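A structural walkthrough
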Amino acid sequence: VVWYGWWSDRRRARREAEALRAAPDRPIPGLAPGADPDFTTEDDLPATPAAPGTPSDAAATDLIAHREDAATLPGGTPDPRFYTHPDRGVAALSSPAVLVLDSPLAAQRDVVTLLDAARRRGKALVVVAPEFTTDALGTLRANAVTGRAPNLPVELAEARSLRKAVALTGGRLVPASDLRSDYLPDAAWGTCAGWVSDAENSWVTLEATP
């Protein structure tokens, strides 16, 4: 019985990974029917993928240097492997697209929807949510380290903090029902001049520094 349970779990995980690499079973706005979003799962990565460092990015370095002058949010990225500057213990993105969710991000299909929508906007993605499941983080991380869809997950546990993130970046708080139905119109998206996060806090730069 134990062996069968282990074998069944392995088979189910393999089917889910194969399904995620395949074309989605529901239409994603702006994506041609049957097209493959071409995102990465952690199964596609080496055992120890390189961190997505960008030490030569002058804009990101400037954001880090001036982060104390930016608006602060009481939450950061839940995984240090998202750090773009691991030597400084932070992730920094210039002019990202920002999407703030009102509920935890769990479903793999929803992760793919977010990544595809952000990539079509031509920007890195900061996705803010109360929580991220291990699987969701894995898919986000796989696409960050390969550079296919640069992104940064940020956990803000309190509703007040989520509303503040929306107020700082624009857009609106996205309910789970909209995400499940792939309804992510332009009005749902925010942006900022820069976003910096460590494990505990995030700093939002509203305007480019002189």
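Residues numbered from 1 in each chain as written. Predicted model: local features only at pLDDT ≥ 70, side-chain atom pairs only at ≥ 80, totals over all residues. Heavy atoms only, no water.

The next thing to look at is the overall build of the protein. A count of helices and strands for the protein gives 6 helices and 9 strands. Burial status across the protein gives 43% buried among its 210 residues. In the protein, once contacts between residues fewer than 6 apart in sequence are set aside, the share between residues at least 24 apart is 78%. Surface exposure of the protein reaches about 10,500 Å², of which carbon and sulfur atoms provide 53%. (Helix = DSSP H or I, 4+ residues; strand = E, 2+ residues; numbered from the N terminus. Buried < 20%, exposed > 50% of the residue type's maximum accessible area, 1.4 Å probe, protein only. Contact = heavy atoms within 4.5 Å. Areas by Shrake-Rupley, 256 points an atom, 1.4 Å probe, with all protein chains shown as cover.)

The biggest cluster of nonpolar side chains holds 42 residues, and the ones touching the most others in it are Leu99, Leu101, Leu105, Leu114, Val128, Trp189 and Trp195. For this core, the secondary-structure elements that each account for two or more residues are strand S2 (91-94), strand S3 (97-101), helix H3 (108-120), strand S4 (125-129), helix H4 (134-146), strand S5 (151-155) and helix H5 (159-169). One finds Ala60, Leu63, Ala70 and Val196 within the second-largest nonpolar core, a separate group that totals 8 residues. (Core = buried A, V, L, I, M, F, W, Y, C linked by side-chain atoms within 4.5 Å.)

Before going further, it helps to examine the pattern of salt bridges. For the structure shown, the criterion picks out 6 salt bridges. Of the charged contacts, one joins arginine 81 and aspartate 79 as a salt bridge, the two residues approaching to 3.2 Å between their closest N and O atoms. According to the relative accessible area criterion, aspartate 79 is buried, its value standing at 6%. In the salt-bridge network here, residues are joined through shared partners; they are Asp79, Arg81 and Arg141. (Salt bridge = Lys/Arg side-chain N within 4 Å of Asp/Glu carboxyl O.)

Right, let's get into the pairing of S4. With respect to burial, S4 is a largely interior element, 5 of its 5 residues being buried. Side chains Leu125, Val127 and Ala129 of S4 all project onto a buried face; the interleaved residues Val126 and Val128 project onto the opposite face, where all are buried too. Alignment of S3 against S4, held across 4 bridges, turns out to be parallel. Each residue of the ladder has a partner; that of valine 100, found in S4, is valine 128. Taken together, S3, H3 and S4 constitute a β-α-β crossover, and its handedness is right-handed. Where S4 lies against S5, 5 bridges are found, and the strand directions are parallel. Across the sheet, leucine 125 pairs through a bridge with asparagine 151, a residue of S5. With H4 bridging S4 and its parallel neighbour S5, the resulting β-α-β unit is right-handed. (Pairing = 2+ DSSP bridges. Right-handed = clockwise from strand over helix to strand, strands pointing away.)

Among the structural elements, aspartate 79 can be located in the loop between strand S1 (71-73) and S2. A polar side-chain atom of aspartate 79 sits 2.9 Å from the main-chain amide nitrogen of arginine 81. (Polar contact = N/O pair within 3.5 Å; in protein donor to acceptor, adjacent residues only side chain to side chain.)

Moving on: the confidence of the model for the protein. Taken as a whole, the protein shows an average pLDDT of 82; of its residues, 72% reach a score of 70 or greater. Overall, residues 1-7 carries pLDDT values under 50, and its contacts beyond four positions in sequence, including any with other chains, amount to 0 contacts. (pLDDT = per-residue confidence, 0-100.)

Attention now moves to the sheet that holds S1. Within a beta sheet, neighbouring strands are joined by backbone hydrogen bonds and run either parallel or antiparallel to one another. Taken in spatial order, the 4 strands of this open sheet run S1-S9-S8-S2, and their pairing is antiparallel. The sheet terminates laterally at S1 and S2, the two strands that pair on one side only. Direction aside, the axes of adjacent strands within the sheet are offset by 15 degrees on average. Packed on one face of the sheet, helix H2 (residues 58-65) meets S2, strand S8 (194-197) and strand S9 (202-205) and runs near 120 degrees to S2. Each of S1, S8 and S9 touches H5; the most contacted strand, S1, lies at about 150 degrees to it. (Axes fitted to C-alpha atoms, helices over the stretch in contact; angles between N-to-C directions.)

What follows is about the packing of H3 against H4. Put simply, H3 and H4 touch, their axes get as near as 9 Å, and they point 30 degrees apart. Judged on the interaxial angle alone, H4 and H3 are roughly parallel. Taken as a pair, H3 and H4 cross one another with a handedness that is right-handed. Taken together, the residues of H4 that come into contact with H3 (itself represented by Gln108, Val111 and Leu115) are Asp135, Ala136, Thr139, Leu140 and Asn143. Among the residues making up the contact of H3 with H4, the classes are represented as 4 nonpolar, 3 polar and 1 charged. (Parallel < 35°, antiparallel > 145°, perpendicular 65-115°, else oblique. Left-handed = near helix turned anticlockwise from the far one by under 90°. Nonpolar A, V, L, I, M, F, W, Y, C, P; charged D, E, K, R; others polar.)

Moving on, we get to the environment of alanine 129. Positionally, alanine 129 belongs in strand S4. In contact with alanine 129, other than residues within four places in its own chain, are Leu101, Ser103, Leu105, Val154, Glu155, Leu156 and Leu162.

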